[in-house]
Amino acid sequence: LAKPEKIAGIVTLGPALYLKDWRSSFSGIAQYFLKYNFRPIDKEFQECYYEKRAVSAIWQLVKPLSKLRRSARNLNLPILIIQSKTDKTVKPESAQFLFDRACSPNKKLIWIEDAPHVLTTRENPHQDLVFNQIHSFIQKEKIQLKQPE
């Protein structure tokens, strides 16, 4: 991971601090009995989403959430949070939680109406708005993106 002094700012899209599916909290135990969680995906979006997800991978997401929520008060870098009000994966209050607890004097929360959890796919009718907000944030904060060598 990058050292904190090397990070110039944070952009988070649909921060997963509180998940909507109550079953995710049991994934630590369920991973020993179920290998995959299956869900139907519309054909037009199959290139963007997985129809099956490893239950052990869900647990790897869930496991650090309480620590992440506790450490939110330590965020003192510029932060942009973008959240869909109709997110079916993450509880939208996750974004408000992060915004309220981050101690950064430069923080911004943008709510998107009627959009999926993954805000960068073409499924999101507000995809351009998301990219424009990220671009503006980077420009405003003068965040330098290093090119790979």
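Since the model is a prediction, treat every value here as computed from it, not as a measurement. Residue positions are counted from 1 within each chain, in the order its sequence is given. pLDDT decides what is reported in this predicted model: residues at 70 or higher carry local features, side-chain atom pairs at 80 or more are listed and counted, and totals for whole chains, interfaces and linings draw on all residues regardless. The side-chain numbers reported here are obtained from all heavy atoms of the structure, hydrogens and water having been left aside.

Colleague: Which residues make up the sheet that holds strand 5 (residues 107–112), and what values do they have?
Modeller: For sheets, the rule is that strands pair by backbone hydrogen bonds, running either parallel or antiparallel. Whether two strands pair comes down to DSSP finding at least two bridges between them. Numbering goes from the N terminus for both helices and strands, where a helix is a DSSP run of H or I of at least four residues and a strand is a run of E of at least two. Taking strand neighbours across the sheet as the criterion, the 3 strands line up as 1-4-5 in an open arrangement whose pairing is parallel. What marks the edges here is a single partner per strand, and that holds for strand 1 (10–13) and strand 5. Pairwise comparison of adjacent strand axes, ignoring direction, gives a mean angle of 10° for this sheet. Of the pairings in the sheet, the one linking strand 4 (residues 79–84) to strand 5 comprises 6 bridges and is parallel in character. In the strand pairing of strand 5, Ile82 is matched with Ile110. Contacts: residue pairs with any heavy atoms within 4.5 Å of one another. Between N-to-C directions, angles cover 0 to 180 degrees, with each direction set by a line fitted to C-alpha atoms, over the stretch in contact for helices. Contacts between helix 4 (residues 93–101) and the sheet are confined to strand 1, strand 4 and strand 5, with strand 5 contributing the most and set at about 165° to the helix. On the sheet, helix 5 (residues 127–141) packs against strand 1, strand 4 and strand 5 and is oriented at approximately 170° with respect to strand 4.

Colleague: Describe the layout of surface pockets, with residues and values.
Modeller: Counted as a void, the largest pocket has a volume near 1,100 Å³. A pocket here means an open set of points on a 1 Å grid, computed over the protein atoms alone, that has protein on both sides within 12 Å along at least five of seven lines. A cavity is instead a set of points where a 1.4 Å probe fits but cannot get out; residues with an atom within 4 Å of a point line either one. Asn37, Arg39, Arg53, Lys88 and Thr89 are, among the 35 residues lining the largest pocket, the residues nearest its centre. Counting only elements with at least two residues in the lining of the largest pocket, the list comes to helix 1 (27–30), strand 2 (36–38), strand 3 (52–54) and helix 2 (55–62). Counting residues per element, the lining of the largest pocket draws most heavily on helix 2, at 4 residues. A per-class count over the lining of the largest pocket returns 21 nonpolar, 6 polar and 8 charged. Grid points are joined across faces, edges and corners, and a volume is the space filled by probe spheres set on the points. Under this grouping Gly is polar, as are all residues other than the nonpolar Ala, Val, Leu, Ile, Met, Phe, Trp, Tyr, Cys and Pro and the charged Asp, Glu, Lys and Arg.

Colleague: Can you lay out the pattern of salt bridges for me, pointing to particular residues and giving the numbers?
Modeller: Basic side-chain nitrogens of Lys or Arg form a salt bridge, by our definition, when they fall within 4 Å of a carboxyl oxygen of Asp or Glu. Counted according to the given criterion, the structure contains 2 salt bridges. A salt bridge links Arg23 to Asp21; the shortest N-O distance between them is 2.6 Å. Residues Lys85 and Glu113 are paired through a salt bridge, measuring 3.0 Å at the closest nitrogen-oxygen approach. With Lys85 in the loop between strand 4 and helix 4 and Glu113 in the loop between strand 5 and helix 5, this residue pair connects regions lying 28 residues apart in the sequence.

Colleague: Explain the packing of aromatic side chains residue by residue, including any values.
Modeller: Ring pairs shown here join Phe, Tyr and Trp side chains whose ring centres sit within 6.5 Å, with only the six-membered ring taken for Trp; geometry is labelled stacked below 30 degrees between planes, edge-to-face above 60, and tilted in between. Within the structure shown, the criterion is met by 3 aromatic pairs. Ring geometry for Tyr36 versus Phe38: centroids 6.1 Å apart, planes at 55°, classification tilted. The rule is simple: take the accessible area with a 1.4 Å probe, protein chains only, and divide by the maximum for that residue type; under 20% is buried, over 50% is exposed, in between is partly exposed. Since its relative accessible area comes to 30%, Tyr36 is described here as partly exposed. Judged by relative accessible area, which is 60%, Phe38 ranks as exposed. Here, a charge over a ring is recorded when the distance from Lys NZ or Arg CZ to the ring centre is within 6 Å and its angle to the ring normal is within 35 degrees. For the cation-ring pair, Lys52 lies above Tyr36, with the distance from its terminal atom to the ring centre recorded as 4.2 Å.

Colleague: Talk me through the environment of Val55; I want residue IDs and the actual numbers.
Modeller: Relative to the helices and strands, Val55 is located in helix 2. Given a relative accessible area of 6%, Val55 falls into the buried group. Along the primary structure Val55 and Gln31 are separated by 24 residues, whereas in three dimensions their C-alpha atoms are 5.1 Å apart.

Colleague: I'd like a description of the nonpolar core, backed by residues and values.
Modeller: It is characteristic of soluble globular proteins that their nonpolar side chains tend to be buried jointly. Buried residues of nine kinds, namely Ala, Val, Leu, Ile, Met, Phe, Trp, Tyr and Cys, make up a nonpolar core once their side-chain atoms join them within 4.5 Å. If you look at the biggest cluster of nonpolar residues, it comprises 10 residues: Leu80, Ile82, Ile110, Ile112, Ala115, Leu119, Val130, Ile134, Phe137 and Ile138. Those elements that place two or more of their residues in this core are strand 4, strand 5 and helix 5. The element that contributes the greatest number of residues to this core is helix 5, accounting for 4 residues. Not counting chain neighbours up to four residues away, the residues in contact with Ile82 comprise Thr12, Leu13, Gly14, Pro15, Ile110, Ile112, Leu119, Val130, Gln133 and Ile134. Judged by nonpolar contacts, the second largest core, of 9 residues, contains Ala72, Ile79, Phe97 and Leu98.

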